[in-house]
Amino acid sequence: MAKKTALVTGILGQDGPYLARLLLDKGYKVYGLIRRYSNPNFGNTDYLGVTNDVEFVTGDMTDEKSLMTIFKLITPDEVYNLAAQSFVGVSWEQPKTTTEINSLGVLYLLNAMRSFAPNARLFQASTGDLFGNNNINGIQNEDVPFKPRSPYAVSKLYAYWMTVNFRESYGMFCCNGLLFNHESPIRGQEFVTRKISSGAVKIKLGLADELILGNIDGRRDWGFAGDYVEAMWLMLQHERPDDYVIATGEIHSIREFLDTAFRRLGINDWGRYVRFDSKFSRPTEVYTLWGNSEKANKTLGWYPKARFEAIVHMMVDADLERLSA
Ligand code: NDP
Ligand code: GDP
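All of the points below concern the structure found in this document.

About the cut-offs
Residues numbered from 1 in each chain as written. Chains lettered and ligands numbered in written order. Predicted model: local features only at pLDDT ≥ 70, side-chain atom pairs only at ≥ 80, totals over all residues. Heavy atoms only, no water. Pairing = 2+ DSSP bridges. Helix = DSSP H or I, 4+ residues; strand = E, 2+ residues; numbered from the N terminus. Axes fitted to C-alpha atoms, helices over the stretch in contact; angles between N-to-C directions. Contact = heavy atoms within 4.5 Å. Buried < 20%, exposed > 50% of the residue type's maximum accessible area, 1.4 Å probe, protein only. Lys, Arg positive; Asp, Glu negative; His and termini not counted. Salt bridge = Lys/Arg side-chain N within 4 Å of Asp/Glu carboxyl O. Near = heavy atom within 4 Å. Polar contact = N/O pair within 3.5 Å; in protein donor to acceptor, adjacent residues only side chain to side chain. Areas by Shrake-Rupley, 256 points an atom, 1.4 Å probe, with all protein chains shown as cover. Nonpolar A, V, L, I, M, F, W, Y, C, P; charged D, E, K, R; others polar.

## Focus on the sheet that holds strand S5 (residues 121-127)
Judged by pairing direction, the sheet is parallel, and its seven strands sit side by side in the order S3-S2-S1-S4-S5-S6-S11 without closing on themselves. The sheet terminates laterally at strand S3 (55-58) and strand S11 (243-246), the two strands that pair on one side only. In this sheet, neighbouring strand axes are inclined to one another by 20 degrees on average, regardless of whether the strands run parallel or antiparallel. Helix H3 (residues 64-74) contacts strand S1 (5-9), strand S2 (29-34), S3 and strand S4 (78-81) of the sheet and is inclined by roughly 160 degrees relative to S1. The sheet contacts of helix H7 (residues 225-237) involve S4, S5, strand S6 (173-179) and S11, and relative to S4 the element is tilted by about 140 degrees.

## Side note on the side chain of Asp129
The topology assignment puts Asp129 in the loop between S5 and helix H5 (151-170). Buried and without a salt bridge, Asp129 has Arg220 as its closest oppositely charged side chain, separated by 5.6 Å. Filtering out sequence-adjacent residues up to four positions away, Asp129 remains in contact with Val88, Pro148, Tyr152, Ala153, Val286 and Leu289.

## Observations regarding the site of ligand 1
The immediate surroundings of ligand 1 are formed by 25 residues, with Asp15, Tyr37, Ser86, Tyr152 and Lys156 found nearest. One of the backbone nitrogen or oxygen atoms of Met61 is found 3.0 Å away from a nitrogen atom of ligand 1. The side chain of Ser86 places a nitrogen or oxygen atom 2.6 Å from an oxygen atom of ligand 1. When the free accessible area of ligand 1 is taken as 900 Å², the share hidden by the protein chains comes to 88%. Looking at the shell around ligand 1, the elements that each hand over two or more residues are S5 and H5. Per-element tally for the shell around ligand 1: the top contributor is S5, with three residues. Classifying every residue of the shell around ligand 1 gives 12 nonpolar, eight polar and five charged.

The following block contains the structure:
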């Protein structure tokens, strides 16, 4: 049987390398879309050992022609759109770029797919951030109305509905994964989890004497990226395209994350090292993200394996190894 072909955008980010690992292990031919760089950074794909097995193609989500060219060349069976300006914090400073990549980029991708690979299956990386502070009995599932609270979330709302619209208008196999926060040792350095894991390690090693954060009263449903890419794949194997919340159903505060990370390094009093700076606070905040993945559990058979403490330890241990070296 011919190998299945997948196109993964955002291949050099956090989720891309985990997804590439999973697809390669399943025997896929994997193409990874990267932007044109003078000095590309393959650190994350190296970390997952996939750099030499992925075929990289150059394009940009904001350049429709480049996507058309890629689709003409490849005609993939499955498309995983992970590319994004994914950092909520920066989306207030760069709302236009955020919109061009996260909203229009998805429209361009859908257009290219419709023109050259209409039978391909699309996974769109949507987000639990679409719910904002809305919930039903504290929990966020597919029935909760959206109320985005950042330019990032607003941009992803457009992409969500455009993905649904292509499914309904043209019968294309398009799915949204409403992903809640998921982390790993290759999480972007500016996200609070990685900032804490690397910051705590720097303090332990004497490379820093404080960690400066914004509002640490928020709570998140943190999962492991390796588990979440499995949900992406499962969505595209199902007989019908649909939209799913992907979350662990477990919630923890940023304070608990700090406590667990510092304790892993033998430091019991993180309060001595953590300082507040309003420059890391946001104009509007999502206080609690807490997902319910019952639909994905029942329909896709997806369950997260890694839990909070194991994820924090994994991140701290990896940063300790890296920074000690
Ligand atoms: P990352 O920010 O780590 O990776 C995003 C990738 O998108 C980067 O490799 C980046 O490339 C690429 N990219 C950005 N702009 C463009 C562009 N114009 N053209 C082509 N590629 C581009 O994100 P994650 O891996 O953490 O997340 C994957 C997806 O899941 C994202 O869409 C994110 O919004 C979504 N998501 C993630 C969550 C999480 O907790 N991780 C939660 C909810 C949703 P470059 O290396 O060039 O910058
Ligand atoms: P998000 O849920 O996608 O916004 O993921 P982040 O990791 O960026 O932020 C999670 C929560 O941590 C949010 O409520 C932030 O306001 C809060 N937070 C507090 N201090 C910081 C900080 O220094 N950096 C980041 N990124 N977030 C912080």
